[in-house]
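Listed below, chain by chain, are the residues.
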Amino acid sequence: MIQQIQQNILLTGFEPFEQEPLNPSWEAVRALDGWSCQGARVAARQLPCVFGSALQVLDQLIAELKPVLVICVGQAGGRSQLSVERVAINVDDARIADNAGCQPIDQPICSDGPAAYFSTLPIKGVVKAMRAAGIPAEVSQTAGTFVCNHVFYGLMHQLATHAPEVRGGFIHIPYIPSQAARHPGQPSLALETVIGGLRVALQSALTLQQDVIEGGGQLH
Ligand code: PCA
């Protein structure tokens, strides 16, 4: 009998941080746990919002699941669209303490790593497909310098050095409405919309061989 080997997609979200009762990144990715896309199956996992340990957990998950695609997702309160991140930079510079009370300032994530890594997702294609599906999306030029950028950089370093054939990237998502209700004036997107956008991202990342050539830059 031929045994079918199940291919895994690793999709991560974060635990809540900065006094939020929930993190929409975890709420969205856990809704996709077990979802099949292009013959691969989503394994949704939670990362701690802690410098260092988040990457230890991520590296263990990659070793265990041997995913064909990794997308990490995080909350970016204040943003209004799904933000497909272009680049991870080699620095931790925390405005607030992480969930373990650490607040690194101007520390390299990897002392012998390059200054930056680009996402290996077809970022323009993902944004185009999200918009075509009616989901507000943008290319983002910075993932910040907190735990999300830390995880994004660590992910790309791990893949570049150990599994260069595996695509990886990071998507920031806005608050969901229940959070924005406690932060008057802040934009939000419904959880269902975010989940739909992540489905589109996974589909595009597994099917688009090459990124589309389309403007996605910013003047400043
Ligand atoms: N957002 C934070 C860390 C965890 C999360 O969901 C960030 O943007 O760095």
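Residues numbered from 1 in each chain as written. Predicted model: local features only at pLDDT ≥ 70, side-chain atom pairs only at ≥ 80, totals over all residues. Heavy atoms only, no water.

**Brief notes about the confidence of the model for the protein**
Right, so step 1: When pLDDT is averaged across the protein, the result is 97; 98% of the residues are at 70 or more.
Right, so step 2: Put simply, strand β2 (residues 36-37) is where the protein has its lowest mean pLDDT, 97, and strand β4 (residues 69-75) is where it has its highest, 99. (pLDDT = per-residue confidence, 0-100. Helix = DSSP H or I, 4+ residues; strand = E, 2+ residues; numbered from the N terminus.)

**Examining the packing of helix α2 (residues 53-65) against helix α4 (residues 147-162)**
Right, so step 1: Two elements in contact, α2 and α4, have axes separated by 10 Å at closest approach and are oriented at 35°. In this structure, α2 crosses over α4, and the sense of that crossing is right-handed. From α2, Ala54, Leu55, Leu58, Asp59 and Ile62 reach across to α4, where they touch Val147, His150, Val151, Gly154, Leu155 and Gln158.
Right, so step 2: When the residues that make up the contact of α2 with α4 are grouped by side-chain class, the tally is 7 nonpolar, 3 polar and 1 charged. (Axes fitted to C-alpha atoms, helices over the stretch in contact; angles between N-to-C directions. Left-handed = near helix turned anticlockwise from the far one by under 90°. Contact = heavy atoms within 4.5 Å. Nonpolar A, V, L, I, M, F, W, Y, C, P; charged D, E, K, R; others polar.)

**Topic: the sheet that holds β4**
Right, so step 1: Overall, mixed pairing links the 7 strands, which are arranged β2-β3-β1-β4-β9-β5-β8 in an open sheet. Since the sheet does not close on itself, it has two edges, and those belong to β2 and β8 (137-140), each with one partner.
Right, so step 2: When β4 meets strand β9 (residues 167-173), the two strands line up parallel, connected through 7 bridges. Looking across to β9, one finds that Gly74 is bridged to His172.
Right, so step 3: Those strands touched by α4 are β1 (7-14), β3 (40-47), β4, β5 (82-85) and β9, and its axis lies near 170° from that of β9.
Right, so step 4: Across the sheet, helix α6 (residues 191-207) lies against β1, β2, β3, β4, β5 and β9, angled at about 155° from β4, the strand it touches most. (Pairing = 2+ DSSP bridges.)

**Comments concerning the pairing of β3**
Right, so step 1: Note: β1 against β3, 8 bridges, orientation parallel. Within β3, the position partnered with Ile9 by the bridge is Val42.
Right, so step 2: Between β2 and β3, which pair antiparallel and follow one another directly, the connecting turn spans 2 residues, one of which, Gln38, has a positive phi of 55°.

**As for the pattern of salt bridges**
Right, so step 1: Inspection of every chain in the model, using the stated rule, returns 6 salt bridges.
Right, so step 2: We note a salt bridge from Arg182 to Glu20, for which the minimum N-O separation is 2.8 Å. Highlighted residues: Arg182 in the loop between α5 (177-180) and α6 and Glu20 in the loop between β1 and α1 (24-31), separated in sequence by 162 residues.
Right, so step 3: A relative accessible area of 42% places Arg182 in the partly exposed class.
Right, so step 4: Of the charged contacts in the structure, one is a salt bridge between Arg79 and Glu85, with a shortest N-O distance of 2.8 Å. (Salt bridge = Lys/Arg side-chain N within 4 Å of Asp/Glu carboxyl O. Buried < 20%, exposed > 50% of the residue type's maximum accessible area, 1.4 Å probe, protein only.)

**Describing unusual backbone geometry**
Where the residue is not glycine, phi is negative for most of them; where a peptide bond is considered, it is trans in most cases.
Right, so step 1: For Glu18, which is not a glycine, the phi torsion comes out positive at approximately 50°.
Right, so step 2: Unlike most non-glycine residues, Gln19 shows phi in positive territory, near 65°.
Right, so step 3: Gln19 gets classed as exposed once you look at its relative accessible area, which sits at 76%.

**Quick word on the nonpolar core**
Right, so step 1: Formed by 34 residues in total, the largest nonpolar core has its most connected members in Leu58, Phe146, Val147, Val151 and Leu155.
Right, so step 2: For this core, the secondary structure elements donating two or more residues are β1, β3, α2, β4 and α4.
Right, so step 3: Ranked by the residues each element gives to this core, the list is headed by α4, at 8 residues.
Right, so step 4: Setting aside its immediate chain neighbours within four residues, Val151 contacts Phe14, Leu47, Ala54, Leu55, Leu58 and Cys72.
Right, so step 5: Ranked by size, the runner-up nonpolar core spans 33 residues in total, among them Ile9, Ile123, Val126 and Val200. (Core = buried A, V, L, I, M, F, W, Y, C linked by side-chain atoms within 4.5 Å.)

**Quick look at the packing of aromatic side chains**
Right, so step 1: This model, assessed by the stated rule, comprises 4 aromatic pairs.
Right, so step 2: Seen from their ring centres, Phe51 and Phe146 are 5.5 Å apart, and the 85° between their planes marks the pair as edge-to-face. One end of the pair, Phe51, is in the loop between β3 and α2; the other, Phe146, is in the loop between β8 and α4, with 95 residues separating them in the sequence. With respect to class, Phe51 is no different from Phe146; both count as buried. (Phe/Tyr/Trp six-rings, centres within 6.5 Å; stacked < 30°, edge-to-face > 60°.)

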